[in-house]
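Letter by letter, the chains look like this.
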Amino acid sequence: MIHEGQLTSLRPGQTAVVCGLDTVGEMRRRLQDLGLIRGTAVQCLEKSPLGDPTAYRIRGTVIALRKRDAASVRIRQEERP
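Residues numbered from 1 in each chain as written. Predicted model: local features only at pLDDT ≥ 70, side-chain atom pairs only at ≥ 80, totals over all residues. Heavy atoms only, no water.

**Here we look at the overall build of the chain**
Here is step 1 of the chain: Tallying secondary structure elements over the chain gives 2 helices and 6 strands in all.
Here is step 2 of the chain: For the chain, whose C-alpha radius of gyration is 12 Å, the value lies close to the compact-globule estimate of 12 Å for 81 residues.
Here is step 3 of the chain: Counting only C-alpha atoms, the chain reaches 40 × 30 × 20 Å along its principal axes.
Here is step 4 of the chain: Put simply, the chain has 81 residues, and 35% of those count as buried.
Here is step 5 of the chain: A total accessible area of about 5,200 Å² is found for the chain, and carbon and sulfur atoms account for 48% of it. (Helix = DSSP H or I, 4+ residues; strand = E, 2+ residues; numbered from the N terminus. Rg over C-alpha atoms; globule rule 2.2 N^0.38 Å. Buried < 20%, exposed > 50% of the residue type's maximum accessible area, 1.4 Å probe, protein only. Areas by Shrake-Rupley, 256 points an atom, 1.4 Å probe, with all protein chains shown as cover.)

**What to know about the sheet that holds strand β6 (residues 73-78)**
Here is step 1 of the chain: Within the open sheet, the 6 strands sit side by side as β1-β6-β2-β3-β4-β5. Their pairing is antiparallel. Two strands close off the open sheet at either side, each with one partner strand: β1 (2-6) and β5 (61-65). When the angles between neighbouring strand axes are averaged without regard to direction, this sheet yields 40°.
Here is step 2 of the chain: Alignment of β1 against β6, held across 5 bridges, turns out to be antiparallel. Bridged to Gln 6 within β6 is Arg 74.
Here is step 3 of the chain: Contacting β2 (15-21), β5 and β6, helix α1 (residues 25-33) runs over the sheet at an angle of about 145° to β2. (Pairing = 2+ DSSP bridges. Axes fitted to C-alpha atoms, helices over the stretch in contact; angles between N-to-C directions. Contact = heavy atoms within 4.5 Å.)

That is the geometry; function is a separate question.
Right under this line is the structure:
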């Protein structure tokens, strides 16, 4: 089963694929520069103790994103039994 949602819905250890960005302008460009483009695999590594920011592995690099920025990244996740 395939689940679509926001990057913020990933829990530590889960992986998904980027399917789009829901932002424009400078923030869109920044996210694209970080490697968040359609088809890119993203793994949630860990959340900070207060839940913001969260560390993600993107193209072999660890990136920390705040919830408000990660919420604009649409993902597709395949649920495994």
